[in-house]
There are 2 protein chains.
Amino acid sequence: MPKIALIQTRVAPDYAAAIGHMESRIREAAFAGAQVMLLPELFASPYFCQEELHAHFALSESARGRTVSGMVALAKELHVVIVVPFFERVAAGIYFNTAAVIDADGTVLGQYRKMHIPDDPGFYEKFYFSPGDLGYQVFQTCYGRIGVLICWDQWYPEAARLTALRGADILVYPTAIGWHPDEKSAHGETQYTAWQRVQLGHAVANGVFVAAINRTGFEKNPTKDTGIEFWGRSFLAGPQGELLAQAGERDDETIVQDVDFSQIETVRQHWPFFRDRRIDSYGEMTKRYIGTER
Amino acid sequence: MPKIALIQTRVAPDYAAAIGHMESRIREAAFAGAQVMLLPELFASPYFCQEELHAHFALSESARGRTVSGMVALAKELHVVIVVPFFERVAAGIYFNTAAVIDADGTVLGQYRKMHIPDDPGFYEKFYFSPGDLGYQVFQTCYGRIGVLICWDQWYPEAARLTALRGADILVYPTAIGWHPDEKSAHGETQYTAWQRVQLGHAVANGVFVAAINRTGFEKNPTKDTGIEFWGRSFLAGPQGELLAQAGERDDETIVQDVDFSQIETVRQHWPFFRDRRIDSYGEMTKRYIGTER
């Protein structure tokens, strides 16, 4: 029964400060007994996708760059698993929104590259990232089988299903989501609630644990008189979609929680959804649209 | 902007009484202005699948049998759409758990045959029903495009997705779900909540309305000292997964509500999940399992 930590954080503008802060948070969580460290999406920098600026490509790094290397050393020292989101550069012109999974002995088990890339006012990710090319993946760590998906993937039942069908015990979603300040009063709760509900739905439909780890704090758009208020509220759900823990909206907060992955088999025996999937009828999931034009 | 009615009901043991009661309820809803009548699964009889008994096949009828024929007359008279669940007999040995969709002029637009069939203590549907052979369907009625799915289908994101991709404005789930009395205190709320959450997830992921119409009341298992306490709480959700209305647990109740299907286009422009589906990566949805054996 591993103890996992969801580390919700504000992000400092400076790389060294952001990394230093996260390292302290990981050390604190390890001191509290946590064995699996889950970090927010692109935690090493402010959410640069608020604008389309070529200079931000300088933030990218290789799969064995400074961020992953630093976390490998920390994983080995503390004997903890760490899921490390970073801005990955593969070659000139090829960049991904990635998360590496580091086992407790420091081995990099591999990386997941965000499959679904958003493009929305203030979330201009299609400018920076190619859509992931490694498919859905589960990483066998010494503390359980971790399926990694990232942020916008949260809205896709297909991503959750395909990761669960690979044997994930937990779906881990590093996240950077928040409100446009001018929408918050009218739409804020609806947006937050929908975001949580769709993920609780994934937990239910797949009989898996789900962890969403968000950043928090307001980050100003450097070129506009606005920004994003990241909504925090990182949460952990169990395999019946039950909410096990939820962080607050505004502050740094670490959820440290025991998760009993052996519950999954019991839940799936009582709710045998996998047994009855009509796999003969799902072929059209690979179509964009099936109806007639409207 | 059609007005729809979710007619939650207790079911009388006798066919004539059950049908007569439903007809009155439909007339009342029509009097209240409802134009689309949504009925619970297998509403014309007690939930006979609590036991495996060959005699219950006598409850089956053809696609133009007494239940559908009676509802056709009523639809024509009241000028309302009716989604009519019934126990369908196609030939000796071939039976389905079906819902016909009748347009407001009395035309039977077609039928949906439940694709996912459960088999659980007290829900022995695999004994009675072949798995549906007509796939996922949307029916163009004069009051909107209705996608029909039935009960156990509720737990499958694939069914919701494939129906939404056919252009459904609303996913309609006739239902017969409840508690085993001896589980209710320990697991009742978890079960109910999971049932609702997974469906709110479908509304969010697909930007569609969702209606779940359940029966209510306790139905004793004829051969055992137990039965099922149907949990009512029929509900209607909007295309952002927002709960628009919910019935109580124990009583006959009709939710009559205006639904503005034009909201769907706005929601999907703001939450463009369909745009970004990675259809190149969903081929393995047709597999039972993808991981290694454990």
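See above for the structure.
Keep in mind the model is a prediction, meaning the values are calculated, not measured.

**Student:** Teacher, can you tell me more about the interface of chain A and chain B here?
**Tutor:** The figure often quoted for interface size is the accessible area lost as the parts come together. Facing 58 residues of chain A, the contacting portion of chain B comprises 58 residues. Taking both sides of the interface into account, the surface hidden between chain A and chain B amounts to around 5,500 Å²; carbon and sulfur atoms contribute 57%. Applying the counting rule to chain A against chain B returns 38 residue pairs in polar contact (both at pLDDT 80 or more). Ranked by the residues each element gives to the side of chain A that touches chain B, the list is headed by helix α5 (residues 181–206) of chain A, at 9 residues. Tallied by class, residues from the side of chain A that touches chain B come to 27 nonpolar, 14 polar and 17 charged.

**Student:** Could you clarify how one ought to interpret the packing of α5 of chain A against helix α5 (residues 181–206) of chain B in this entry?
**Tutor:** A pair of packed helices can be characterised by two numbers: the angle between their axes and the separation between those axes. Close contact between α5 of chain A and α5 of chain B brings their axes to 7 Å; oriented N to C, the two are set at 120°. Here α5 of chain B runs oblique to α5 of chain A, going by the angle between their axes. Between α5 of chain A and α5 of chain B the crossing geometry is left-handed. Contacts between α5 of chain A and α5 of chain B pair Ala194, Arg197, Val198, Leu200, Gly201, Val204 and Ala205 of chain A from the former with Ala194, Arg197, Val198, Leu200, Gly201, Val204 and Ala205 of chain B from the latter. Residues of the contact of α5 of chain A with α5 of chain B, tallied by class, amount to 10 nonpolar, 2 polar and 2 charged.

**Student:** Please explain the layout of surface pockets as it appears in this structure.
**Tutor:** Empty space within the largest pocket amounts to approximately 710 Å³. If you go around the largest pocket, you meet 33 residues; those closest to its centre are Asp120, His180, Glu183 and Gln191 of chain A together with His270 of chain B. Going through the elements one at a time, β9 (178–179), α5 and β12 (227–231) of chain A together with α6 (263–270) of chain B are the ones with two or more residues in the lining of the largest pocket. Classifying every residue of the lining of the largest pocket by side-chain character gives 16 nonpolar, 12 polar and 5 charged.

**Student:** Looking at this model, I keep getting lost on the sheet that holds strand β12 (residues 227–231) of chain B. Mind explaining?
**Tutor:** Sheet strands line up and pair through hydrogen bonds in the backbone, either parallel or antiparallel. Pairing is antiparallel in the open sheet, where 3 strands are placed in the order β9-β12-β11 (chain B). The outermost strands of the open sheet, each flanked by one partner alone, are β9 (178–179) and β11 (216–220) of chain B.

**Student:** Looking at this structure, I do not really get the relation of the copies chain A and chain B. What am I missing?
**Tutor:** Applying a rotation about an axis and a shift along it to one chain copy brings it onto the other copy. Mapping chain A onto chain B calls for a rotation angle of 180° and an axial translation of 0.0 Å; the resulting RMSD is 0.0 Å. These values place the two chain copies in the arrangement generated by a two-fold rotation axis. Considering only C-alpha atoms, the part of chain A nearest the rotation axis is Gly201 of chain A, at 2.5 Å. Of all interface residues in chain A, 100% are interface residues in chain B too; the two copies therefore contact each other through one and the same surface.

**Student:** Mind showing me how you'd approach unusual backbone geometry here?
**Tutor:** Note on backbone geometry: most residues besides glycine have negative phi, and most peptide bonds are trans. The phi dihedral of Arg233 of chain A is positive, around 50°, even though this residue is not glycine. When you line up the elements, Arg233 of chain A lands in the loop between β12 and β13 (235–237).

**Student:** Help me understand the packing of aromatic side chains, please; the structure alone is not making it clear to me.
**Tutor:** The description of two aromatic rings rests on the distance between their centres and on the angle between their planes. Residue and element names in this part refer to chain A. This structure, assessed with the given rule, holds 52 aromatic pairs over all chains. Geometrically, the ring pair formed by Tyr192 and Trp195 is tilted, given 5.5 Å between the ring centres and 50° between the ring planes. With a gap of 3 residues between them, Tyr192 and Trp195 both fall in helix α5, about one helical turn apart. Like Trp195, Tyr192 is buried. Judged by centre distance (6.0 Å) and plane angle (35°), the rings of Trp271 and Phe273 are tilted. Phe273 matches Trp271 in its accessibility class, with the two residues each being buried. An aromatic cluster is built from Phe48, Phe57, Phe87, Tyr95, Phe127, Tyr128 and Phe129, whose rings are joined through pairwise contacts. Here the guanidinium or amino end of Arg66 rests over the ring plane of Tyr15, the centre of that ring lying 3.4 Å away. Above the face of the Tyr192 ring, Arg233 is positioned so that its terminal group lies 4.1 Å from the ring centre.

**Student:** Could you clarify how one ought to interpret the pairing of strand β5 (residues 108–113) of chain A in this entry?
**Tutor:** As a general feature of sheets, a regular strand has side chains that alternate between the two faces. Residues and elements named next belong to chain A. Among the 6 residues that make up β5, 5 are buried, leaving the element largely enclosed by the rest of the structure. Looking at chain direction, strand β4 (residues 94–102) and β5 are connected through 5 bridges and run antiparallel. Residue pairing in the sheet places Ala100 in a bridge with Gln111 of β5. Hairpin remark: β4 followed by β5, antiparallel, with 5 residues in the connecting loop; positive phi at Gly106, about 95°.

**Student:** Looking at this structure, I do not really get the environment of Met285 of chain B. What am I missing?
**Tutor:** Residue position: Met285 of chain B is located in the segment after α6. Remark: the alpha-carbon pair of Met285 of chain B and Lys114 of chain B, spanning 171 residues in sequence, is separated by 19 Å. What Met285 of chain B contacts, discounting residues up to four positions off in sequence, is Glu158, Arg161, Leu162, Arg277, Ile279, Tyr282 and Met285 of chain A together with Glu158 of chain B.

Parameters at a glance
Residues numbered from 1 in each chain as written. Chains lettered and ligands numbered in written order. Predicted model: local features only at pLDDT ≥ 70, side-chain atom pairs only at ≥ 80, totals over all residues. Heavy atoms only, no water. Contact = heavy atoms within 4.5 Å. Buried area = accessible area lost by both parts, 1.4 Å probe. Polar contact = N/O pair within 3.5 Å; in protein donor to acceptor, adjacent residues only side chain to side chain. Helix = DSSP H or I, 4+ residues; strand = E, 2+ residues; numbered from the N terminus. Nonpolar A, V, L, I, M, F, W, Y, C, P; charged D, E, K, R; others polar. Axes fitted to C-alpha atoms, helices over the stretch in contact; angles between N-to-C directions. Parallel < 35°, antiparallel > 145°, perpendicular 65-115°, else oblique. Left-handed = near helix turned anticlockwise from the far one by under 90°. 1 Å grid on protein atoms, 1.4 Å probe; cavity = no way out; pocket = protein on both sides within 12 Å on 5 of 7 lines; lining within 4 Å. Points joined across faces, edges and corners; volume = space filled by probe spheres on them. Pairing = 2+ DSSP bridges. Least-squares fit on C-alpha atoms with pLDDT ≥ 70 in both. Phe/Tyr/Trp six-rings, centres within 6.5 Å; stacked < 30°, edge-to-face > 60°. Buried < 20%, exposed > 50% of the residue type's maximum accessible area, 1.4 Å probe, protein only. Lys NZ or Arg CZ within 6 Å of the ring centre and 35° of its normal.

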